[in-house]
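These are the residues of each chain, in order.
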Amino acid sequence: MKAVRFHEYGGIDVLRVEEVERPVPGPGQVLVEVRAAGIQPGEAMIRQGARHERWPSTFPSGQGSDLAGLVVELGPHVRGVAVGDEVLGFTHRRASHAEYVVVDDVQLTPRPKGLSWDVAGSLYVAGTTAYATVFAVDPGPGDTVVVSGAAGGVGSLAVQLARRRGATVIGLASEPNHAWLKVRGVIPVEYGEGVAERIRHACGGNADAFIDTFGDGYVELAVRLGVRPERIVTIRDWQAAAKVGARTDGEGAAACAVVLGELARLAARGELEVPIARTYPLEQVRDAFRDLEQRHTHGKIVLRPQPGQARPR
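Asks: Just give me the short version of the overall build of the chain, but keep the residues and values in it.
Replies: Across its full length, the chain carries 10 helices and 14 strands. By the compact-globule yardstick of 20 Å for 313 residues, the chain fits well, its C-alpha radius of gyration being 19 Å. Taken along its principal axes, the extent of the C-alpha atoms in the chain is 60 × 40 × 35 Å. In the chain, once contacts between residues fewer than 6 apart in sequence are set aside, the share between residues at least 24 apart is 66%. As displayed, the chain offers around 13400 Å² of accessible surface, 49% of which is attributable to carbon and sulfur atoms. When the 36 positive and 37 negative side-chain charges of the chain are each reduced to one mean point, those points stand 3 Å apart.

Asks: If you had to explain the pattern of salt bridges to someone new, which residues and values would you point to?
Replies: Evaluation of the coordinates by the stated rule reveals 18 salt bridges. Across the salt bridge formed by Glu-73 and Arg-22, the nearest N and O atoms sit 3.9 Å from each other. One end of the pair, Glu-73, is in strand β4 (residues 66–74); the other, Arg-22, is in the loop between β2 (16–19) and β3 (29–38), and 51 residues separate them in sequence. On the accessibility criterion, Arg-22 (39% relative accessible area) is partly exposed. The partner of Glu-86 in a salt bridge is Arg-111, and the shortest N-O contact between them spans 2.6 Å.

Asks: Which residues make up the sheet that holds strand β8 (residues 144–148), and what values go with them?
Replies: Ordered by their spatial adjacency, 5 strands build an open sheet running β10-β9-β8-β11-β12, and the pairing between neighbours is parallel. Looking at the sheet topology across the chains shown, the edges are occupied by β10 (187–189) and β12 (232–234). Recorded for the sheet is a direction-independent mean angle of 15° between the axes of neighbouring strands. Where β8 and strand β11 (residues 209–212) come together, 4 bridges link them in parallel fashion. Its bridge partner lying in β11, Val-147 is registered against Ile-211.

Asks: Describe the side chain of Ser-156, naming the residues involved and giving the relevant values.
Replies: Inspection of the secondary structure assignment puts Ser-156 in helix α4 (residues 155–164). Since its relative accessible area comes to 1%, Ser-156 is described here as buried. Only 2.7 Å separates the side chain of Ser-156 from the backbone oxygen of Gly-152, close enough to count as a polar contact. Aside from chain neighbours lying at most four places away, what touches Ser-156 is Gly-149, Ala-150, Ala-151, Trp-180 and Pro-275.

Asks: Before we move on, could you go through the packing of helix α3 (residues 124–137) against helix α9 (residues 257–268) and cite the residues and values that matter?
Replies: One way to put it is that α3 packs onto α9 with a least axis distance of 10 Å and a crossing angle of 95°. By the angle between their directions, the pair α3 and α9 is classed as roughly perpendicular. Contacts between α3 and α9 involve Tyr-124, Gly-127, Thr-128 and Tyr-131 from the first element and Val-259, Leu-260, Glu-262 and Leu-263 from the second.

Asks: Can you explain the packing of aromatic side chains? Please cite residues and give values.
Replies: As enumerated under the stated definition, the model contains 6 aromatic pairs in all. Judged by centre distance (6.3 Å) and plane angle (80°), the ring pair of Phe-214 and Tyr-218 falls under edge-to-face. Directly above the aromatic system of Tyr-100 lies the positively charged group of Arg-22, at a separation of 4.7 Å from the ring centroid.

Asks: Before we move on, could you go through the environment of Ile-232 and cite the residues and values that matter?
Replies: Along the chain, the position of Ile-232 falls in strand β12. Owing to a relative accessible area of 0%, Ile-232 belongs among the buried residues under this scheme. With 24 residues separating them along the chain, Ile-232 and Asp-208 place their C-alpha atoms 9.0 Å apart. The contact partners of Ile-232, leaving out residues within four places of it in the chain, are Val-137, Phe-210, Val-219, Ala-222, Val-223, Val-227, Ala-246 and Arg-247.

Asks: If you had to explain α3 to someone new, which residues and values would you point to?
Replies: One full turn of an α-helix is made of 3.6 residues, so residues set three or four places apart face in the same direction. Look at α3: 20 Å from first C-alpha to last across 14 residues, which is about the 20 Å you get at 1.5 Å a residue. In terms of residue burial, α3 counts as a mostly covered element, since 11 of its 14 residues are buried. Just beyond α3, the residue with positive phi is Asp-138, at close to 50°.

Asks: Which residues make up α9, and what values do they have?
Replies: Taking 1.5 Å as the rise per residue, α9 with 12 residues should run 16 Å; its terminal C-alpha atoms sit 16 Å apart, in good agreement. The inward-facing, buried residues of α9 contact β5 (86–90), β7 (108–110), α2 (117–120), α3 and α4. Of the residues flanking the end of α9, it is Gly-270, one or two places downstream, whose phi is positive at about 80°.

Definitions and limits used
- Residues numbered from 1 in each chain as written.
- Predicted model: local features only at pLDDT ≥ 70, side-chain atom pairs only at ≥ 80, totals over all residues.
- Heavy atoms only, no water.
- Helix = DSSP H or I, 4+ residues; strand = E, 2+ residues; numbered from the N terminus.
- Rg over C-alpha atoms; globule rule 2.2 N^0.38 Å.
- Contact = heavy atoms within 4.5 Å.
- Areas by Shrake-Rupley, 256 points an atom, 1.4 Å probe, with all protein chains shown as cover.
- Lys, Arg positive; Asp, Glu negative; His and termini not counted.
- Charge placed at Lys NZ, Arg CZ, Asp CG, Glu CD.
- Salt bridge = Lys/Arg side-chain N within 4 Å of Asp/Glu carboxyl O.
- Buried < 20%, exposed > 50% of the residue type's maximum accessible area, 1.4 Å probe, protein only.
- Pairing = 2+ DSSP bridges.
- Axes fitted to C-alpha atoms, helices over the stretch in contact; angles between N-to-C directions.
- Polar contact = N/O pair within 3.5 Å; in protein donor to acceptor, adjacent residues only side chain to side chain.
- Parallel < 35°, antiparallel > 145°, perpendicular 65-115°, else oblique.
- Phe/Tyr/Trp six-rings, centres within 6.5 Å; stacked < 30°, edge-to-face > 60°.
- Lys NZ or Arg CZ within 6 Å of the ring centre and 35° of its normal.
- Expected span 1.5 Å × (residues − 1).

Shown next as structure tokens:
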């Protein structure tokens, strides 16, 4: 099978699509033919070596957590999954950017009718992270929540989940994404110089909670806005969080198939939109990460490993 590999830390040029042996499922595992697999900013940082202390790589290393596809083989003692099932899920083995991947049966949930492969294959990391950040700051009616990176993979879901809980949501995003936010009941605010005053103007005073999906000083901004540290959560700036006592609950706090299944059902019913920015065939993984690392896409970028599955740009 074909799979993404890198043999050393570095930039996009270290990524390769190589022929490797197709894995065999062990006890409690299934083999999934991957139809879609989302890519993440964290994967780029791991490949660059920027997170070596936290998540070191063993070379050659694969990539990918998110996945959706068709179950084609079962290992012994598998429960709740059958050959031919359409599923979405995740792996912690950095292996989903491939044509096939072995997955533990407890890391899968059925693909609901009407949920596209693109959405199913890109929902795990962004969706469960957004779910955890909203849970961490616990917004409700009467609260105003600010979300940085509000049009990105995590932010675009966090604003919707916070709105579902009745909160007023202010989304920091570039002007081209403001119309999308407005349609979903979010108050858009342009980021950049003067953003604190624009936020205060938008909310009529101090904000109650802050979800930072971008990093780059937003934790400190939340403090300046008067948000209590226990209602600030960041998925990017752990150092700043430790300094002020903010939360980092987004990282893995809701990372399970139960939450993923709930999000998938919301998306299938049209109650949660998962924006898909672009899809790429596996062979164009470098182009996909080049696109991602510009940090200006609206929504998710998805790899389509099976030949003929990727849509043209």
